[in-house]
Amino acid sequence: VRARVMEVTESPDVSYEDIGGLEEQMQEVRETVEMPLKSPEMFTEVGIDPPSGVLLYGPPGTGKTMLAKAVANQTDATFIKMAGSELVHKFIGEGAKLVRDLFEVAREHEPAVLFIDEIDAIAATRTESKTSGDAEVQRTMMQLLSEMDGFEDRGEIRIIAATNRFDMLDRAILRPGRFDRLIEVPKPTEEGRELIFQIHTRNMNVADDVDFAELAEITPEASGADIKAVCTEAGMFAIRDERTEIRMEDFRSAWEKVQAESEEDPSVSK
Ligand code: ATP
């Protein structure tokens, strides 16, 4: 059961250099997640508790999962991921049991970064969600909060949650001692987009006429995930044309294609 719903990675292959345009967010994640794992004695000596949980919020595909993986990589911590939607079950007690299992797995793999994606699935206000009115979902959330409260020494397990729906969250989970550090992860700025284009084309055979600044300029709504899709798609256009070098025109066509697809598919970021 565990294997199906939890992703456990000993050393995720994402580093800070793979993330474009989130310098401030990276800095905050390093202070709140990396420092307590690397130098817990600093907090003891200063006499403060590190933040309990960190909540990353922002639109889909902006790098929230990447940030959590990079910090796990940097601290040689095990990365453990579960989606909030996996915790919503039909059978009584199943969600709460999965939460207990999740923390047990984390304790077995210390140091660990526990990443709970789509936290809104179990932590939406009653009025906003069909599921959270459910007493069972409430119990699952209570179990999560009590596991967080139960940490005597939180140094070795850090909890990061993520959501695309900050507006829907039950404010109770944001109280001190819970997810008390909020980090907004927005869509990239033009400068950020240029960096992300550079990152995703690192291993690509890019022609001299490709201008990343211009690509950043013509993709104002793109998320990091959209940019990654544009790069892959540009490569496909070159292959279709039986070329091994990717030209500016390939990137332009790719952006048009990615945009058209996101208009068709409501689940893709806008
Ligand atoms: P969701 O809310 O949908 O789970 P997310 O914010 O967690 O999304 P990620 O899974 O981190 O998004 O990003 C998806 C992919 O998009 C990454 O694997 C990466 O290829 C690309 N990507 C997103 N943001 C960035 C970024 N800031 N820099 C570089 N690549 C990015």
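Values in this document were obtained by computation on a predicted structure and should not be read as measured data.

1. Points about the overall build of the protein
Per the secondary structure count, the protein includes eleven helices and six strands. Radius of gyration (C-alpha) of the protein: 20 Å, near the 18 Å computed for a compact globule of 270 residues. Seen through its C-alpha atoms, the protein measures out along the principal axes to roughly 60 × 45 × 30 Å. Within the span of the protein, comprising 270 residues, buried residues form 48% of the whole. Within the protein, residue pairs in contact and separated by at least 24 positions form 78% of the contacts whose partners lie at least 6 positions apart. With 31 positive and 56 negative side-chain charges, the protein shows a spacing of 6 Å between the two charge centroids.

2. Examining the site of the ligand
Near the ligand you find 18 residues, and of these G20, G61, K64, T65 and N164 are the closest. In the environment of the ligand, an oxygen atom lies 2.9 Å from a nitrogen or oxygen atom belonging to the backbone of G61. At a separation of 3.1 Å, an oxygen atom of the ligand approaches a polar backbone atom of M66. Expressed as a share of its isolated accessible area of 640 Å², the protein-covered part of the ligand is 80%. The class makeup of the residues in the shell around the ligand is six nonpolar, eight polar and four charged.

3. Looking at the packing of aromatic side chains
Two numbers describe a pair of aromatic rings. These are the distance of the centres and the angle of the planes. Per the counting criterion, the structure on display carries three aromatic pairs. An angle of 75° between the planes, with centres 6.4 Å apart, marks the rings of F197 and F251 as edge-to-face. With F197 in helix α8 (residues 190–200) and F251 in helix α11 (residues 248–264), this residue pair connects regions lying 54 residues apart in the sequence. Accessibility expressed as a relative area gives 0% for F197, which makes it buried. Given the relative accessible area of 0%, F251 is considered buried.

4. So, the nonpolar core
Membership of the largest hydrophobic core comes to 30 residues, with the highest contact counts inside it found for L114, I119, L144 and F179. Counting only elements with at least two residues in this core, the list comes to β3 (78–83), α5 (94–108), β4 (112–117), α6 (120–123), α7 (135–149) and β5 (157–163). Counting residues per element, this core draws most heavily on α5, which supplies six residues. Setting aside residues up to four positions removed in sequence, I119 forms contacts with L55, L144, A161, A162, T163, L169, I173 and F179. Judged by nonpolar contacts, the second largest core, of 23 residues, contains V14, L67, V71 and A162.

5. Thoughts on helix α2 (residues 23–38)
Residue R30 marks the point of greatest curvature in α2, where the axis turns by about 35°. Of the positions making up α2, those classed as buried are Q25, M26, V29, T32, V33, E34, P36 and L37. For α2, the elements touching its buried residues are α3 (40–46), β2 (53–57), α4 (64–74), β4, β5 and β6 (181–184).

6. As for the UniProt feature "binding site: ATP" (unreviewed entry) in the protein
As recorded in UniProt, the feature "binding site: ATP" (unreviewed entry) lies at G61, T62, G63, K64, T65, M66 and H200. If you trace the backbone, G61 turns up in the loop between β2 and α4. Aside from chain neighbours lying at most four places away, what touches G61 is S223, G224 and A225. Once you skip the residues sitting within four places of it in the chain, K64 turns out to touch L56, Y57, G58, P59, F115, A162, T163, N164 and V185.

Rules used throughout
Residues numbered from 1 in each chain as written. Predicted model: local features only at pLDDT ≥ 70, side-chain atom pairs only at ≥ 80, totals over all residues. Heavy atoms only, no water. Helix = DSSP H or I, 4+ residues; strand = E, 2+ residues; numbered from the N terminus. Rg over C-alpha atoms; globule rule 2.2 N^0.38 Å. Buried < 20%, exposed > 50% of the residue type's maximum accessible area, 1.4 Å probe, protein only. Contact = heavy atoms within 4.5 Å. Lys, Arg positive; Asp, Glu negative; His and termini not counted. Charge placed at Lys NZ, Arg CZ, Asp CG, Glu CD. Near = heavy atom within 4 Å. Polar contact = N/O pair within 3.5 Å; in protein donor to acceptor, adjacent residues only side chain to side chain. Areas by Shrake-Rupley, 256 points an atom, 1.4 Å probe, with all protein chains shown as cover. Nonpolar A, V, L, I, M, F, W, Y, C, P; charged D, E, K, R; others polar. Phe/Tyr/Trp six-rings, centres within 6.5 Å; stacked < 30°, edge-to-face > 60°. Core = buried A, V, L, I, M, F, W, Y, C linked by side-chain atoms within 4.5 Å. Bend = angle between axes of the 7 residues up to and from the residue. UniProt positions renumbered as here; feature names shortened; annotations may be inferred.

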